[in-house]
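# An overview of the molecular structure
Here is what each chain is made of, one letter per residue.
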Amino acid sequence: MRLSCKVAAVLLCLGSLLLLYLLVGSAAAPPRPPPAPPPSAAVPLARRQPRLSRSPPRRSPAGGRLASARKPGEQKHSKEPSSLQCMHLAVVACGDRLEETLIMLKSAVLFSNRRLCFHIFAEDSLKPEFEKKVILKDVDSLLYVDTDVLFLRPIDDIWHILKEFNSTQLAAMAPEHEIPKIGWYSRFARHPYYGTTGVNSGVMLMNLTRIRNTQFKNSMIPSGLTWEEMLYPLYQKYKNYITWGDQDLLNIIFYFNPECLYVFPCQWNYRPDHCMYGSNCKGAEEEGVSILHGNRGVYHDDKQPTFKALYEVIRDFPFEDNLFQSLYYPLQSKFLDTVHTLCGRIPQVFLKQIEKTMKKVYENRVIVYLGANHRY
């Protein structure tokens, strides 16, 4: 993604400036991209639940109960139950990334359980597609992802990592690589970076309250600086050495403030680098891929057909269809054509979390429902 767009997004997101807000009542999904045009962000979207075998009681598209509208004069509860509180997901939609953004949001809705709030940064050319603007100053925590990310399990699961932060940690990312001798930062970086291999910013979990209140150590002045005070001067100082835009800036920041970063394992940000040189993400081998990051444009060329297969199956899945028949089985079929590739030789890594998630969906929405309503 272009440097100017993503750096601007970091400034906007963490500086509490205007962004675009898509509140999905109880996590409604964008419609299937082309030929249908993207929806207006001003209106909550409604759709049918992905069908397994028998329709459960009326629920939200992501599995939570539908939020009911308040009657005139009815007071709002002072505090929502945690199950109804939003998980905030932010993304930057630049240039030709509209379809990728919609497919990413669709994957988030498919498997997640709690309510989702989408925050979408867009260039002027894309703003007609996303209409409502709000201020982000009251959002406590946020999950930022690149547009080329696909969720293969509920966002709820990565959201829980926020509770694992210690008293100084305010953000979480995955390593850029698992093996220093073939990592990019350890071989080529000309600026400071976090740890031995650096970190990747494609999936970043943030406690915005802590970020706003922290004075960060830096290489410019002896005293600390706030996030807003630091970002632009830091960019000016290192701009001639930066290759990967916002990711390099974040690596520089956490080099000087390592105690502020929580590092989650590679299955939460699984990229072609984790399999194209041989499998080197142990967490994905054991638990399966949780979040797929198709960087380098692999969803749109034939260099990594396994990544492309997942993208196309989720893109083409109609929400009202059966998850097994219209998503899982087509995916298995497409994977058969990728076994000649290094990533395609380990299909279980890509399928394991989807299998677990669909099993839970089946148990929660069919077995539990039928048991609760069985008449003897």
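Residues numbered from 1 in each chain as written. Predicted model: local features only at pLDDT ≥ 70, side-chain atom pairs only at ≥ 80, totals over all residues. Heavy atoms only, no water.

## Brief notes about the pattern of salt bridges
On inspection of all chains with the given rule, the structure shows 10 salt bridges. Put simply, D273 and R296 hold a salt bridge, and the shortest N to O gap is 2.9 Å. Of the two residues, D273 sits in the loop between strand 9 (261-263) and helix 8 (282-287) while R296 sits in the loop between strand 10 (291-293) and helix 9 (305-316), which places them 23 residues apart along the sequence. Note on D273: relative accessible area 7%, which makes it buried. Between D302 and K308 there is a salt bridge, and its shortest N-O distance comes to 3.0 Å. One connected set of salt bridges, linked through shared partners, spans D96, R97 and E100. (Salt bridge = Lys/Arg side-chain N within 4 Å of Asp/Glu carboxyl O. Helix = DSSP H or I, 4+ residues; strand = E, 2+ residues; numbered from the N terminus. Buried < 20%, exposed > 50% of the residue type's maximum accessible area, 1.4 Å probe, protein only.)

## What to know about the packing of aromatic side chains
Summed over all chains, the structure comprises 15 aromatic pairs. Taking the centre distance of 6.4 Å and the plane angle of 15 degrees together, the rings of Y270 and F307 count as stacked. Remark: F307 occurs in helix 9 and Y270 occurs in the loop between strand 9 and helix 8; sequence separation between them is 37 residues. Of the two residues, Y270 and F307, both sit in the buried class. Between the aromatic rings of F317 and F319, the centroid separation amounts to 6.5 Å while the plane-to-plane angle is 75 degrees, which identifies the pairing as edge-to-face. Exposure remark for F319: the relative accessible area of 8% places this residue in the buried category. Joined through ring pairs, the aromatic side chains of W184, Y185, F188, Y193 and W244 make up one cluster. Over the aromatic face of F319 sits the side chain of K106, whose NZ or CZ is 5.4 Å from the ring centroid. (Phe/Tyr/Trp six-rings, centres within 6.5 Å; stacked < 30°, edge-to-face > 60°. Lys NZ or Arg CZ within 6 Å of the ring centre and 35° of its normal.)

## With respect to the nonpolar core
By size, the foremost hydrophobic cluster in this structure holds 64 residues, and its most contacted members are L89, L143, F151, Y270, L292 and F350. Among the nonpolar cores identified, the runner-up in size contains 31 residues, and W227, L234, Y238 and L250 belong to it. (Core = buried A, V, L, I, M, F, W, Y, C linked by side-chain atoms within 4.5 Å.)

## Regarding the state of the cysteines
Inspection of every chain in the model, using the stated rule, returns three disulfides. Note that C86 is cross-linked by a disulfide to C117, the S-S spacing being 1.9 Å. Negative torsions about the S-S bond denote left-handed disulfides, and the value of about 45 degrees found for C86 with C117 makes this one right-handed. Here C86, found in the loop between strand 1 (18-23) and strand 2 (87-93), pairs with C117, found in strand 3 (residues 116-122); they are 31 residues apart in sequence, far enough to count as distant. For the pair shown, C86 and C117 are each scored as buried. (Disulfide = S-S within 2.5 Å.)

## Quick notes on the pairing of strand 3
Buried residues dominate strand 3, accounting for seven of its seven residues. Here strand 3 shows two buried faces, one formed by L116, F118, I120 and A122 and the other by C117, H119 and F121. Relative to strand 3, strand 2 runs parallel, the two sharing seven bridges. By the bridge assignment, V91 is partnered in strand 3 with I120. (Pairing = 2+ DSSP bridges.)

## Comments concerning the side chain of N295
Structurally, N295 can be placed in the loop between strand 10 and helix 9. Note on N295: relative accessible area 16%, which makes it buried. Sequence-distant contacts of N295, that is, excluding residues within four places in its chain, are made with D148, R271 and P272. (Contact = heavy atoms within 4.5 Å.)

## Focus on the environment of P330
The residue P330 is located in helix 10 (residues 323-336) in this model. A residue is classified by how much of its surface remains accessible, and P330, at 28% relative accessible area, is partly exposed. Separated by 18 residues in sequence, P330 and E312 place their C-alpha atoms 9.9 Å apart. With residues near it in sequence (within four places) discarded, P330 still touches V313, F324 and Q325.

Remember that the coordinates give geometry; whether it matters functionally is a separate question.
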